[in-house]
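Structural features, examined
Residues per chain, in single letters:
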Amino acid sequence: MTFDQYLGVALAAQAVSDAEIDALRRHRDDVERLLRDGLGPAARIRYGGSYAKDTMIKDSFDLDILCYFPHEYVDAGATVGEIFRSVRDTLAKAYALVTKRCALRIHNIDQTQSNRDYHVDVVPGRFVDADKDSTWLHVTTPDKERLKTSIEKHINHVQSSGRHREIRLAKLWNLRKGLGVPTFVLELLVVKALKEKTTGALGASMTSFWTYVQETDPLIVHDPANPAGNDLSDLLDANTQGRMKQAAKDALAAIEANDWPRILGPVDEKKAEARIKSAAAGVSIAKPWSE
Amino acid sequence: MSSWHLEQVDLLAEVKELVALETPTFDVIVRDHVTIRGGLILEHPQTGDYLDRWGLAIALPDDYPTGLPIVREVGGRVPWIADRHVFKDGCACMFVPDAQWKHYPEGMTITEFLNGPVRNHYLAQTHFELTGSWPKAIGDDRGDRSHGPRGRLEYWMEELETASPRVVERFLDYLASDWVSGHRPCYCGSGDPLRRCHASTLALFRNRIGKRLAQDARGAIAYLNSTYRG
């Protein structure tokens, strides 16, 4: 197996099935029904995030649902902060919520097996003007109250880059190394790192990406929808950059040593089995029981 | 009983801080009860290589931190059957209740629990998925416990280093009693009085196991032994 083949197999294993997509669509329908019942028909509700950008991976397929109100509409709140709270109160009737920087993460309350957990983020906002190109989002962190952005520009930015496969692999790397880089920032970083590179073999592209991460100091990305006004540096702080650089260094060393499973895990079942046996031998595990 | 987090605000803040710091792939969700949800990334303990990722929800019970957190796998991978050590309501059975003192001792934080017994349990679940068996220590016949009272009996036989179910039953008789005279014969069957034989073991377990749990174990194991004896 070559490095390109290894990455190809790892990528293929991350394809999201039709059944999983259908389940996500049902979640969106449920959320949309709840929001429309609670806040009326004015909101434009649509997909955002990796679903809209075609960069989902099986190991972590969060769904972003955008809930944007017209700029002159005030029934859901006079400010974007009030809109955020109205959406939060409406969703809280049916879901457990965790407040993120600009979004509300909803979790399943029902613990029955037919209702598995899922990660759906609802992003409340208000269009800046009648053109509906740009949106104000409420910011829950103390650094600012709101930010201006455009999901359309984000989707176009990723889609026109042609780097979907590299973005999916970078997301998998982020997840498996526990780097904690926000997906949006990682996508921008992949596109930026590979901007001058030719598209083609995955191995060469990913090597370029990790080289860029290791050698560029500091790593800086700009929101393509608002390059001057939306500072993303907080999302890519020194600790996160340190973790990324170390993991990128490890990835490049693994490529050099032809030991690719160190980067994204083994894709060969027998190797995975050997690894888990070796891992289990090294720890003391309580013997599971049942009544 | 009201949930602990309504009265122990500082403890809730500590839980949130610990989870954010030590297990950042999890969220703390506070509603009527406190639940910690997210993805547990398993890495090889020596090499740090990625092994697996499990979606989990850990409910902190009303009597937290005394009560054992309830762990559920929420990715739909593990069937809710006894052979995978999952109760019918989806809760993981990570160890026999009598061994809680060992795996969830007093003072253990939620992140220590997540990064210790929970992590190891899901390492064993991944092992089972890949190999069809539970990982076992050297010298062990199997890596999991039998279901029901038999599993509890196995635990006590290991703990007391005995092959005799009767020894376990006598030990639990003593453990479930308020007081046992040191002049009584030792539970081990040596014929010596308890005070000159295994009194220290009994005292040790009195500190580890509450009387109610000891009575429950004694009842289950006595019933099992009686069915063996016919």
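Residues numbered from 1 in each chain as written. Chains lettered and ligands numbered in written order. Predicted model: local features only at pLDDT ≥ 70, side-chain atom pairs only at ≥ 80, totals over all residues. Heavy atoms only, no water.

1. Observations regarding helix α2 (residues 9-22) of chain B
Residues and elements named next belong to chain B. As a reminder, the rule being used: Helical segments are the DSSP runs of H or I of at least four residues, strand segments are the runs of E of at least two, and each set is numbered from the N terminus. Take the number of residues in a helix, subtract one, and multiply by 1.5 Å to get its expected span. Using a 1.4 Å probe on the protein chains alone, a residue whose accessible area is under 20% of its type maximum counts as buried, one over 50% counts as exposed, and one in between counts as partly exposed. Note that the arc is defined by the directions from the helix axis to the C-beta atoms. Should any heavy atoms of two residues lie within 4.5 Å, those residues are counted as being in contact.
End to end, α2 covers 20 Å across 14 residues, agreeing with the expected 20 Å (1.5 Å per residue, within 8%). Restricting attention to buried positions, one finds in α2 the residues L11, L12, V15, L18 and V19. When α2 is viewed along its axis, its buried side chains cluster within an angular range of 130° and face the same direction. Summarising the geometry of α2, the exposed residues directed more than 90 degrees from the buried face are V9, D10, E17, A20 and L21. For α2, the elements touching its buried residues are α1 (4-7), β1 (26-30), β2 (34-43), β3 (50-60) and α4 (110-131).

2. Thoughts on the domain arrangement of chain B
Residues and elements named next belong to chain B. Defined as follows: The source of the domain bounds is an automatic or database domain assignment. Put simply, buried area is how much 1.4 Å-probe accessible surface two parts lose in total, over both of them, once they are put together. Any carboxyl oxygen of Asp or Glu that lies within 4 Å of a side-chain nitrogen of Lys or Arg is treated as forming a salt bridge with it.
We note that the domain assignment places domain 1 (4-142) and domain 2 (149-229) within chain B. Placing the centre of domain 1 and that of domain 2 at their C-alpha centroids yields a distance of 29 Å. Both sides together, the interface formed by domain 1 and domain 2 hides about 750 Å², and carbon and sulfur atoms give 60% of it. Among the residues of domain 1 in contact with domain 2, V96, D98 and W101 are the three that bury the most area, contributing 71% of the side total. Counting every contact that joins domain 1 to domain 2 gives two salt bridges.

3. Side note on the nonpolar core
Quick reminder of the rule: Grouping buried Ala, Val, Leu, Ile, Met, Phe, Trp, Tyr and Cys residues that are joined through side-chain atoms within 4.5 Å yields what is termed a nonpolar core.
Membership of the largest hydrophobic core comes to 43 residues, with the highest contact counts inside it found for A:W173, A:F209, A:W210, A:M244, A:I263 and A:L264. Those elements that provide at least two residues to this core are α1 (3-12), α6 (164-176), α7 (183-193), α8 (202-215), α9 (238-256) and α10 (261-264) of chain A. Each residue touching A:M244, except ones within four places of it in the same chain, is listed here: A:W173, A:L179, A:V181, A:L186, A:L189, A:V213, A:L219 and A:L236. Membership of the second largest hydrophobic core comes to 38 residues, among which are B:W4, B:V15, B:L51 and B:M94.

4. A look at the interface of chain B and chain A
Between chain B and chain A, the contact holds 51 residues from the first and 42 residues from the second. Taken together, both faces of the contact between chain B and chain A bury some 4,100 Å²; the carbon and sulfur share is 59%. Area buried by chain B at its contact with chain A is led by B:R31, B:R37 and B:Y50, which between them contribute 16% of it. The interface formed by chain B and chain A contains three salt bridges. Among the salt bridges present, the one from A:K287 reaches B:D140, with a minimum N-O distance of 3.1 Å.

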